Amino acid sequence: MAESLAGLDTFPKLLMHHARVRAERPAIREKDLGIWQTWSWGRFANEVRSLACGLAAQGFKRGDHLAIIGDNRPRVYAAMCAAQCLGGIPVPLYQDAVATEMAFPIQNAAIAYALAEDQEQVDKLFEILPQCPTLAHIYYDEPRGLRHYDQPQLMSCDRLLELGAASQRRDPAFLETEIAKGAGSDTAAMFFTSGTTGAAKGVVLTHHSLIDRALAAAQMEGLTDADVVLAYLPPAWIGQNIFSYAQPFVTGYCICCPESPETVMSDMRDIGPTYYFAPPRVFEALLTQVSIRMEDASALKRSLYRYFMEVARRVGGNLLDGKSVGALDRLMYRLGDALVYGPLRNVLGMSRVRVAYTAGEAIGPDLFRFYRSLGINLKQLYGSTETSVFVCVQPNGQVKADTVGPAVKGVELSFTPERELLIRSPGLFKEYYKNPEATAASKDAQGWFHTGDAGYFDADGHLKIIDRVKDVGKLADGSLFAPKYLENKLKFFPFIKEAVAFGHGRDRVCAFINMDMEAVGNWAEKRGMPYSGYVDLASRDEVYGLVRECIEKVNADLAAEPEVAASQIHRFLILHKQLEADDGELTRTSKVRRLHVGEKYAALVDALYAGKDIVHVEAQVRYEDGRTGSISANLKIRDAKTFPPAAARKAA
Amino acid sequence: MKKNWPVLLLGAVLLIGLVLPLVTGAAPGGFYVEVLLGGLMSGVLYSLVAIGFALIFKASGVFNFAQGSMVLFAALAVARMAEAMPLWLAIVLGTVIMIALAWVIERLVLRPLVNQEGVALLMATLGVTYFLDGFGQTLWGSDIYKIDLGIAKEPVMVLDKVFKGGILVNKEDFVAAFVAALLVAGLVLFFQKTATGRALRAVADDHQAAQSIGIPLNRIWMIVWSVAGFVALVAGVIWGSQLGVQFSLSQVALKALPVVILGGFTSIAGAIFGGLIIGVGEKMAEVFLGPVLVKAFDLAGGGLENWFAYVLALLFLLVRPEGLFGERNIDRV
Amino acid sequence: MAGESNTRAGRIGDVILAVEGVSLAFGGVKALNAISFDVREHEVRAIIGPNGAGKSSMLNVINGVYHPQEGTIRYLGREYHDMDPHQVAVSGIARTFQNLALFKGMSVLDNIMSGRNLKMHSNILLQALRIGPALREEIEHREVVEGIIDFLEIQAYRKSQVGQLPYGLQKRVDLARALAMEPRILLLDEPMAGMNLEEKQDMCRFILDANDHFGTTIVLIEHDMSVVMDISDRVVVLDYGRKIGDGTPDEVRANQAVIDAYLGVTH
């Protein structure tokens, strides 16, 4: 990093620094009405100043919380910084959460000020207003549809900016003084964890911890103000916040906000990000799209694709890691790059990607290698809200599919006897808001954070996470059962959207499968197989056969690994509905809530183990016209072939 | 997807036809390229006339049989007027005449027949054809007239470094083909990139909807026929300068008919490619296939150029009636 | 919510379209029989009725497709006779179609841009050269159209060919093209037909928003009564070409003739 950031210990101070040093460089771009509009650092800082002064004029004080609900928009980020300027604490909330989920954070922090992106979010806030009497000020960015709202709490952002500009004219020095009062040890933001386990908790992070981690990772990857990031995940999620707020504030790079959630792919092609983050799920969805498009392509294209992807699989990763590769392979890869990989990277919008991260969940090894073999420098990292993200990152040249890399500078790692990972880092959170018990339970007296993740170091000192400590179980015979590990393997197949494996305390492993409607539907259409809907398709013998093939491939893989060979899947069924976050089956970050699913569908689990061939299920469905009703369906249960463990085969 | 084989077959046959003379050594390289270029040049002109066809068909659903006669009429007008004034002025005046003609046709023929059966409209354009043929001769005379573009007609030798003996190119042909290609490109851009082009496409896509959003059908038809008239004029002038302005010009121009059958009635791209394919195809057939046939069947010989295009179109009607680029179901004719 | 409807009611202005004693017959069949009703500025006016009630005929009369044998239509205080659809469009009345009359081979953007045709005045030659006023005009219209694309949330489909889009989206493009004409009155022919519930809700929101945001007066005909009742200010009910009810949704719902017609009671 060429410039010194010494003394710039809060985000507002960093912002004012960039507004001085690179006033004309782009800070945020937003595609609006079909055109990319650029906010320079100077303009961004001005917006923040006006917003901050407006908030101050509205009575917002040091230590107050500002709830922020909206998609990635320049003003959403400006509002975060505006609150911080005044020593306040932005509390970004998930914009796709239902109203009731927003009530807890607002009650918890007795929030009085909120910024909502549009009518949809404003409506949600008014819906919970009776439970949240503290909420006295609601500002909205997009006026559409709000013209006839006359609630006294409501004010437009434009009006707030006017108020701010006016008070700035009256007292120009006010804001500088306020910003100067801030210190690194102040709370910078509060993120509510989506709560895989029980109620949501507000994670309190200081300026110091966020800036320290953002900087450490930026230095490690050599990020500069020339980098470009697409901000497309919820700003309430710590990951997006790090990449589209903390890191641009320490490096001065530009973030780009897509036009709408549906246009992310084409917007990404427009801007060509150099630094990219996506959870495994997104990479998976992209690959599914590619696979489907290739199935529809002409025979010539298909065979070209197959041939060169094989070449890439063999040598692409090695080339990226700087390992030596034979001259012929190198030539073929070069040819493949011109014909297949280059165009493919372009379609994915990843032509310019220098560093891509994935995290949040283990990524399927084949999926991971697919992207690396295309020449995309995809790496894994490990971290959570409580650690300001960066705990472990794979350094260039030391990338493995099954680890998350060594600790980033500044981080200490340790394990409990139960193999639970402990972390000590400058990036650790201060506390769970108003929840001393939870804070004490996860942060011990020596300052170690108990992650709840089970793992170990591999031979190279890379951290390997296998599962949550509480989910790692044992089969009846005492062998290791790591359900997530199996599920991830299954989910790599494009036809399988979600899988839930059971086996703890049982004699063998069985699984629920959620088929991928898009991929299986496409597959069925190709075969001219008529079906009337999800339930019907999911119950077809042909689809069962398709899924069984996938499971048997996984079983063959598992058989080759002695530690997990006992976890081969013996029986399975295909669920009659998609697992949904709205039904509590997935978390808001789309992770399977295995325990909950196991309880909700206990009858199905029992049937799997009882050796039945068919099980009856009653299900709530929503018809096309919106009526809800319940249908009953009979789900088939099928066996899958298992294989003798590799060790046993060798012995035999 | 599945019905792609006629296209593949045609591609294969053309490719073989193109390569065979070279491979077998039947033609020296230079001569071969000469034939190819000659084909492309007449092809561009076919494309031009075919675009006129396709335009009118797309926009008004009228199969304009009179397109060939419009070529003749325009050429006659320019040739006779050029005797009394500079050529450029004759061309400008000719354009005005063609636009006026478009206006008259729209007013007197199309508008009264709006929403009539396709057959009625076809008959109407047949009427226009005979009227134009006859009226043109009444007005301008029925001899063979000349149009002199003022460009040297002597063949020029080019590329003599690459091919032994070089290639003989007629400079006028070359300029003419270039002008035609430019016009074709201009038309395509006009259609894709301007508001009027968009309105034309809208009318072509759905009459009623276009009308209900306030696109004036009459004005659009007027524009379409004017453009078709102008295109006919350019083609007429170029052909006229090569072949002389005479009655048979309307027959040559009718070659655009097989072109649109090949390319698809509703497709501008089809008209362009169809024109080039037929232009090159018939030249190649005449020069290389002709002598072979004559020898093999002991025929009197020659004339392949005159019917090749029609046979190709006929074959296409059998296997792929919508043409190379056309839409599947044509129910307007 | 009470506050909302009050302010909306306050916006509704004078009568801008009045249908007076309109009768229409095809051969011997009377499609419309002495129908009279009016439409006020800025209101959402629905025409409902069972199949074959004459709803579409009514819309086609207003739109200038059919010319009634009896009765008059008064628009902005002036009677109009024998206007064709083009003239009606010029006068500021736009419509959408039940069976979608989009330009299927063209992109979404081109479809909506073509809705601006009436507002374009630059010379065809300038357009061809893409210079001066023509280019400026194209850009201005593109801005308006982009606003509508944003409004109807179809940014992701700008360049898609309309014929390739799912039905619900095509309906939205149809609405977008009509809005691009900036009409005073927008006639919607069964805007929710063939949609699932979610698409219907979206469409309702767009219609109300358009009414609110652009002040467009909306006349819609619809088969699905429940949807109409939620978004309309006043409702006309037709049955066998006759008007059997007219009033607010609540009044119409309580009208015995309407209940009978919908339940299929014969008189």
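Residues numbered from 1 in each chain as written. Chains lettered and ligands numbered in written order. Predicted model: local features only at pLDDT ≥ 70, side-chain atom pairs only at ≥ 80, totals over all residues.

A. Representation of the overall build of chain B within the structure. Across its full length, chain B holds 13 helices and two strands. By the burial criterion, 46% of the 333 residues in chain B qualify as buried. Partitioning the contacts of chain B with sequence separation of at least 6, the portion at a separation of at least 24 is 74%. (Helix = DSSP H or I, 4+ residues; strand = E, 2+ residues; numbered from the N terminus. Buried ≥ 20, exposed ≤ 12 C-beta atoms within 10 Å, placed from the backbone. Contact = placed C-beta atoms within 7 Å.)

B. Spatial organisation of the overall build of chain A. Each helix and strand counted, chain A has 22 helices and 27 strands in total. In terms of overall size, chain A behaves like a compact globule, its C-alpha atoms giving a radius of gyration of 26 Å where 652 residues would be expected to give roughly 26 Å. Overall, chain A is about 85 × 65 × 55 Å in size when its C-alpha atoms are taken along their principal axes. Within chain A, buried positions represent 47% of all 652 residues. Taking the contacts inside chain A whose residues are at least 6 apart along the sequence as the reference set, 65% of them involve residues at least 24 apart. (Rg over C-alpha atoms; globule rule 2.2 N^0.38 Å.)

C. Spatial organisation of the interface of chain B and chain C. Taken together, the 19 residues of chain B in the interface contact 28 residues of chain C. Of all elements in the fold, only α6 (171-193), α7 (195-205) and α8 (207-212) of chain B reach the threshold of two or more residues within the side of chain B that touches chain C. The dominant element in the side of chain B that touches chain C, judged by the number of residues it contributes, is α7(B), at seven residues.

D. Summary view of the environment of Ile255(A). Residue and element names in this part refer to chain A. If you trace the backbone, isoleucine 255 turns up in strand β11 (residues 254-257). A sequence separation of 20 residues divides isoleucine 255 from tyrosine 275, and the C-alpha atoms of the two residues are 9.9 Å apart. Non-local contacts of isoleucine 255, meaning those with residues more than four positions away in its chain, are made with Ile28, Val229, Ala231, Ser244 and Pro248.

E. How the structure looks around the sheet that holds strand β1 (residues 15-26) of chain C. All names here are of chain C. Within the open sheet, the four strands sit side by side as β2-β1-β4-β5. Their pairing is antiparallel. Strands at the two margins of the open sheet, each flanked by one partner only, are β2 (29-40) and β5 (78-80). Strand-to-strand, the axes of this sheet are offset by a mean angle of 25°, without reference to chain direction. For β1 and β2, the ladder comprises eight bridges, and the chain directions are antiparallel. (Pairing = 2+ DSSP bridges. Axes fitted to C-alpha atoms, helices over the stretch in contact; angles between N-to-C directions.)

F. Layout of the confidence of the model for chain B. Residues and elements named next belong to chain B. Of all residues in chain B, 88% have pLDDT values of 70 or greater, and the mean over the chain is 80. Within the model, the stretch residues 328-333 combines pLDDT values under 50 with seven contacts to residues more than four positions away or in other chains. The ipTM for the predicted assembly is 0.77, set against a pTM of 0.76. (pLDDT = per-residue confidence, 0-100.)

G. A look at the pairing of strand β3 (residues 65-69) of chain A. Residue and element names in this part refer to chain A. Judged by how many residues are buried, β3 sits mostly within the fold: five of five residues are covered. The alternating pattern of β3 places His65, Ala67 and Ile69 on one face and Leu66 and Ile68 on the opposite face, and all of these are buried. Where β3 and strand β4 (residues 89-93) come together, five bridges link them in parallel fashion. For alanine 67, the partnering residue across the bridge sits in β4 and is valine 91. After leaving β3, the chain enters helix α3 (residues 74-85) and then returns to the sheet as β4, a path that is right-handed. (Right-handed = clockwise from strand over helix to strand, strands pointing away.)

H. How the structure looks around the packing of helix α11 (residues 280-296) of chain A against helix α14 (residues 365-373) of chain A. All names here are of chain A. Following both chains from N to C, one finds α11 and α14 inclined at 70°, their axes separated by 10 Å at the closest point. The angle between α11 and α14 falls in the class roughly perpendicular. For the pair α11 and α14, the contacting residues are Pro280, Phe283, Glu284 and Leu287 in the first and Leu367, Phe370 and Tyr371 in the second. Partitioned by chemical class, the residues of the contact of α11 with α14 number six nonpolar, no polar and one charged. (Parallel < 35°, antiparallel > 145°, perpendicular 65-115°, else oblique. Nonpolar A, V, L, I, M, F, W, Y, C, P; charged D, E, K, R; others polar.)

I. Structural context of unusual backbone geometry. Residue and element names in this part refer to chain A. Backbone geometry places leucine 33, a non-glycine residue, at a positive phi of 50°. By the element assignment, leucine 33 lies in the loop between β1 (26-32) and β2 (35-40). The class of leucine 33 is partly exposed, set by 16 C-beta atoms lying within 10 Å. The phi angle at lysine 434 is positive, at roughly 50°, despite the residue not being glycine. Of the residues examined, lysine 434 has 13 C-beta atoms within 10 Å and is grouped as partly exposed.

J. Looking closely at the packing of helix α2 (residues 29-60) of chain B against helix α9 (residues 217-243) of chain B. All names here are of chain B. The contact between α2 and α9 brings their axes to 9 Å, and the two run at 165°. Regarding the angle of α2 to α9, the classification is roughly antiparallel. Read as a crossing pair, α2 and α9 show a hand that is left-handed. Contacts between α2 and α9 involve Leu45, Leu48, Val49, Ile51, Gly52, Leu55, Ile56, Ala59 and Ser60 on the former and, on the latter, Ile220, Trp221, Val224, Trp225, Val227, Ala228, Val231, Ala232, Val234, Ala235, Ile238 and Trp239. Of the residues that constitute the contact of α2 with α9, the class distribution is 19 nonpolar, two polar and no charged. (Left-handed = near helix turned anticlockwise from the far one by under 90°.)

K. Geometry of the sheet that holds strand β9 (residues 202-206) of chain A. Residues and elements named next belong to chain A. One open sheet holds the three strands; their spatial order is β8-β9-β18, and the pairing between them is antiparallel. Two strands bound the open sheet, and with one partner strand each, they are β8 (187-192) and β18 (431-432). Sheet topology note: the β9/β18 ladder contains two bridges and is antiparallel. Bridge pairing in β18 links valine 203 to tyrosine 432.

L. View of the pairing of β2(A). All names here are of chain A. Sheet topology note: the β1/β2 ladder contains six bridges and is antiparallel. Across the sheet, the residue bridging to isoleucine 28 is tryptophan 39, located in β2. Joining the antiparallel neighbours β1 and β2 is a turn of two residues, in which leucine 33 adopts a positive phi near 50°.

M. Structural context of the arrangement of the chains. For the two pairs of chains in contact, the maximum contact count is reached by chains B and C. One finds no contact linking chain A with chain B; the least C-alpha distance across the pair is 9 Å.

N. Representation of helix α6 (residues 157-170) of chain A. Residue and element names in this part refer to chain A. End to end, α6 covers 20 Å across 14 residues, agreeing with the expected 20 Å (1.5 Å per residue, within 8%). Buried within α6 are the following residues: Cys157, Leu160, Leu161, Gly164, Ser167 and Gln168. Relative to the axis of α6, the buried residues are bounded by an arc of 130° and lie together on one face. Residues of α6 that are exposed and angled more than 90 degrees away from the buried face: Asp158, Arg169 and Arg170. Contact partners of the buried residues in α6: α2 (41-57), α3, β6 (137-140), β7 (154-156) and α7 (174-181). (Expected span 1.5 Å × (residues − 1). Arc of directions from axis to C-beta.)

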